[in-house]
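# Observations on chain architecture
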Amino acid sequence: MKFLNALSAFFLSASFSFAANVTAIIDDDFEKGKDSPSFSSGLINEDAAALTDEPDAIVGGKSLRVSCGGDYLKNVVKFPVKNGAVYLYEFTYRIKKMPPDRTPMTVLIGDARGTPPKNCGVRLVKRIENLKLSEKEGFRVPDDGKKYFFRINVSRNSEVIVDNLKIHEIVPDKTNAYLFCENHHWHDLFVDKTFPGMYFTPTAFSFLDPYSPILDMPKEKFFPFIDKWGQYKYADWTNKIKSDSDLTAAHEREKEFYSKLRKIGNRDKYGALENSCGDFKPTGRFCLDKVDGKWILRAPNGNLFWAFGINSMGNATGSTITTNREHFFDDIKQVGALRYKGKVSNPIRGYPEDARPEWFSFQMRTLQWKYGLQNFNDFKSKMKEISDWRIKNWGITAYGAWTAPYIINENPAHPYIINTDAPKVVSALQKVILKPDDNLRKLFRVIPDVYDPRFEKIMKNGLEKIAAQIKHELCVGVFVDNEVPWEGKEGYTAEAILTCPPEQPAKIAFRDFMKERYGDVSAINKAWGANYSDWNAFLAERKFIPKTETGKKDLNDFDFRFHSHYYKMCRDNVKAISPDALYFGSRFAWRNKNAVAAAAEYCDVVSFNLYMYDISFFKMYDELKDKPLIIGEFSMSRSDYGHFWKGPQQAANGEDQTALFNYFLGGVLRHPNFVGACWFTYSDQPTTGRADGENASFGVVDICDTPHFDLIKTFRKMSDKMYKIRLGKKK
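Here we summarise the structure given alongside this text.

So, how was this worked out
Residues numbered from 1 in each chain as written. Predicted model: local features only at pLDDT ≥ 70, side-chain atom pairs only at ≥ 80, totals over all residues. Heavy atoms only, no water. Salt bridge = Lys/Arg side-chain N within 4 Å of Asp/Glu carboxyl O. Helix = DSSP H or I, 4+ residues; strand = E, 2+ residues; numbered from the N terminus. Buried < 20%, exposed > 50% of the residue type's maximum accessible area, 1.4 Å probe, protein only. Pairing = 2+ DSSP bridges. Core = buried A, V, L, I, M, F, W, Y, C linked by side-chain atoms within 4.5 Å. Contact = heavy atoms within 4.5 Å. Axes fitted to C-alpha atoms, helices over the stretch in contact; angles between N-to-C directions. Parallel < 35°, antiparallel > 145°, perpendicular 65-115°, else oblique. Nonpolar A, V, L, I, M, F, W, Y, C, P; charged D, E, K, R; others polar.

What the rule picks out here adds up to 45 salt bridges. The partner of Asp705 in a salt bridge is Arg390, and the shortest N-O contact between them spans 2.8 Å. In this pair, Asp705 is assigned in the loop between strand E26 (674-679) and helix H18 (709-726) and Arg390 in helix H6 (residues 376-394), connecting sequence segments 315 residues apart. Given a relative accessible area of 0%, Arg390 falls into the buried group. Several salt bridges converge on common partners, so that one network encompasses Asp56, Arg65, Lys96 and Glu159.

The next point concerns the sheet that holds strand E7 (residues 105-110). In a beta sheet, neighbouring strands pair by backbone hydrogen bonds and run either parallel or antiparallel. With antiparallel pairing, the four strands of this open sheet are ordered in space as E5-E10-E7-E8. At either margin of the open sheet sits one strand with a lone partner, and together these are strand E5 (73-80) and strand E8 (123-124). As paired elements, E7 and strand E10 (residues 149-155) share six bridges and run antiparallel to each other. Directly across from Leu108, in E10, lies its bridge partner Arg151.

Moving on: the nonpolar core. Of all hydrophobic cores here, the largest spans 212 residues; its most connected members are Phe150, Phe222, Phe225 and Phe510. The leading source of residues in this core is helix H15 (residues 549-577), at nine residues. If sequence neighbours within four positions are ignored, Phe510 has contacts with Ala494, Ile497, Leu498, Trp528, Phe538, Asp554, Leu555 and Phe558. In terms of nonpolar packing, the next biggest core, distinct from the first, is built from 12 residues, Ile321, Ala355, Trp645 and Phe680 among them.

Now for the sheet that holds strand E14 (residues 304-305). On the basis of which strands lie adjacent, the open sheet formed by three strands has the order E12-E13-E14 and antiparallel pairing. The sheet is open, and its two edges are formed by strand E12 (287-291) and E14, each paired on a single side. The pairing of strand E13 (residues 294-298) with E14 spans two bridges and is antiparallel. If you follow Leu297 over to E14, its bridge partner there is Phe305. Contacts from H18 reach E13 and E14 within the one sheet, and its direction differs from that of E13 by about 130°.

Our next topic: the packing of helix H4 (residues 244-259) against helix H5 (residues 362-371). One can describe the packing of H4 onto H5 by two numbers: an axis separation of 9 Å at closest approach and a directional angle of 70°. Viewed along their axes, H4 and H5 adopt a mutual orientation that is roughly perpendicular. Between H4 and H5, the residues in contact are Asp244, Leu247 and His251 and Thr366, Trp369, Lys370 and Tyr371, respectively. The class makeup of the residues in the contact of H4 with H5 is three nonpolar, two polar and two charged.

Next comes the structure, spelled out in C-alpha cells:
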C-alpha cells in the first residue's frame, strides 16, 4: 500500500511533462543512488530491487539489481495506466541468474490480476545470461473503461541488472490520434485505416521516439511520409540518402571500405578450409562427412566446408503496394527503361482473393539511378557483379535460397544453395490442395495434396527449370519448398483428410492404406467403432473421426505416410536430375513429429528456419540425433535506422545485433549437427511493406543499396574464426 500511495503522489506532483500529451514517468540512470527519481518517487519497489555498484553496474557506476527468491514473481515497477494511452519503455540489462523454465523478467499491461488484454501480450527479455542487451518496446492500453496497470516483473529464482530505465506515456490527442490504431495482430493488414497494408507503422513501439516531431503533425502535414528513395522522411540515421549524389558517394565509400580489409585467410576457391582434405577422397561434388563427431560438408576438392550463406542475394527488387496508398509517397513515377511499376498477378496473403493492386519498386529505381542502368540486361549484369564482389568481401561462403537467377545461372562464381518453391506455391494457385470440412478440421493454411498426380508434375516442372544449376559442382544442396504449413499436431492432417470429399486423392490413398491393413471393412468397423457399409462408404463419409486407441494409431500411421510420401517424392525427383546432389528438405517453420521423422528418413540434410537467440532451445527430435541439419533462415534485425519493424528476432541497436549474432551463430557452429546457416536476408524490406505487408529491417544492405557496415564487420569476424570454432580449436 505504501508503494501505491507513493505512486499516487508521484503522478499528482512529480511527473516530467515535455509536451501536452507526453510524460516521462521514469528516466533514470540510477547514478544518484537512493536520491534517483525512481526511488524518491516510490516508483521502484524496494522489496524486489536494490542499487548495485561496480563491477556489477552495467552503465556508469551504479545500476539496479532486481531479484526474486522463492516467490512466484515480484513487481519491480507497477503503476496504473490511462485508457487509450501509449506507454513506451526501454532499458539496458544483463541477466545474472534465471530459472530453467521461465523468462527472468517480463513487462506487461494487465488488469489487477496481471492478465493482459487481447492483442497486448507480455514482453519478455531475451533468455541469455551474462550478455549486456537492451529492450525498447511498448503497449497501447485498450480504451475499454477497464482498469489496467503497467508492470515490470522479476520471476522466481532470477536476478537481473538493469540500467537506463525509461518509461514514457503518450496520450493521443486530436492532432495525432490518426497515428495510433487499436491493438491487433500484425497479419490483419486493414485494421489500421491510416496505414493499411503494413505489418508495422511509424508508431511501432520499438521504433517510435516519444519526442518525435510526428506527434505534433496533423494528418495533412504528415502525408506523404516516404521520400523518393523509399525512405521514412521524419527520422535521420547514418548513411541516409538525401540527394541523388549521395548514391554515388555511398558506392565510393563502399569501395574504400573493402579496400582496407585484409583477406580472410586459409580459404580455397570454394570458401572451404584450405588444405583440410586429409585422407578424404574428393567426390567432385559437395558431400557430407563427420569429423570428430560433428557433421560437416566437404567441397568438391575434399576440403572442409561450412555453409555460411545469405538469402536473396541480388534480389534488391522489393516492391510495395501503391493502390489506395498513393498519398504515402513523394514520388512513384516510372522513369527510364527498367520496369519497376506494375500490377500484382497472383493472390496476396491478407488481401481479398481477387485483389490485384498496383505495386512500385523504389529499390529498382534507386539502383537505376545509382549505377546508371539503361535496361534490364544492364541491371542483371550489374547485380551479378555487385553480388559476387560483396559476398567475397563479406566472408560469406554460399549464396542462400532465392539468389537471383542471373547470379548463378551462367558462370557462377561462388557456391550456392538452389531452391524451388513451385510445389507449395503452384499447388495453392491451382488448388491442388487438401479440401477438408473446415467446420470439423480446419487447416492452419492450405496443404498440398501430395497424392494428387498433378502435384508431382508441378514438382518435376519446378525442378527441371533449375536442373542445370542442380548439376553444377558449385551447387551445395537443393531446397524444395519453403515453410510448408504442416500442422503442429501429429495425426491432425490425417483427421482432416477423413473430412475431405470422396474424390480427394489423399483420401483415396488413406482408404487404400486401411484396406491393405484391415482387408475386410468389418475389421476397420470393429477397430474404429465405425459403421462403413463398404470401402466406398469410407470415402463418402466426411463426418466420422475415430476415437478408439486403434483408430488414433491408424490416423498417426497414415499421417506419417502422408508426410513421407511428400519427402520421398521430393528426394526421388532431385536425385533423378543429379544422383549426387544433396537434398536439403523444405525449410521447416511449422512442424510435427511425423513430418520431422519423414524428413529425417528421406533428406540428406534436414532444414529449419530458426528465429531464436539461443540454439540450445532448438528441439532435437530423436529422429534428428545423428542427422545433419542446416538453418535456411535466421536473423536478428533492428529498427534504429528508419525501419518500423525489427523482425521476429529483435535487436534494439547495432551493438545488440552483433552480440546476439555472435551468441547464436557461435552456438550453431559448436552444435554437432549443423552444417550451415543462412542469414535472412540480403536487403531490407520496403518501408511500407512488401505485398503481404512484411516490412522488417532484415537486410545486410538497406533499401537504397547501402551496406550496413557494422553488420558486415560482424560477419567477417565470425567467418574468420568459423572453421576453428567448428573444429573445436576456438571457444
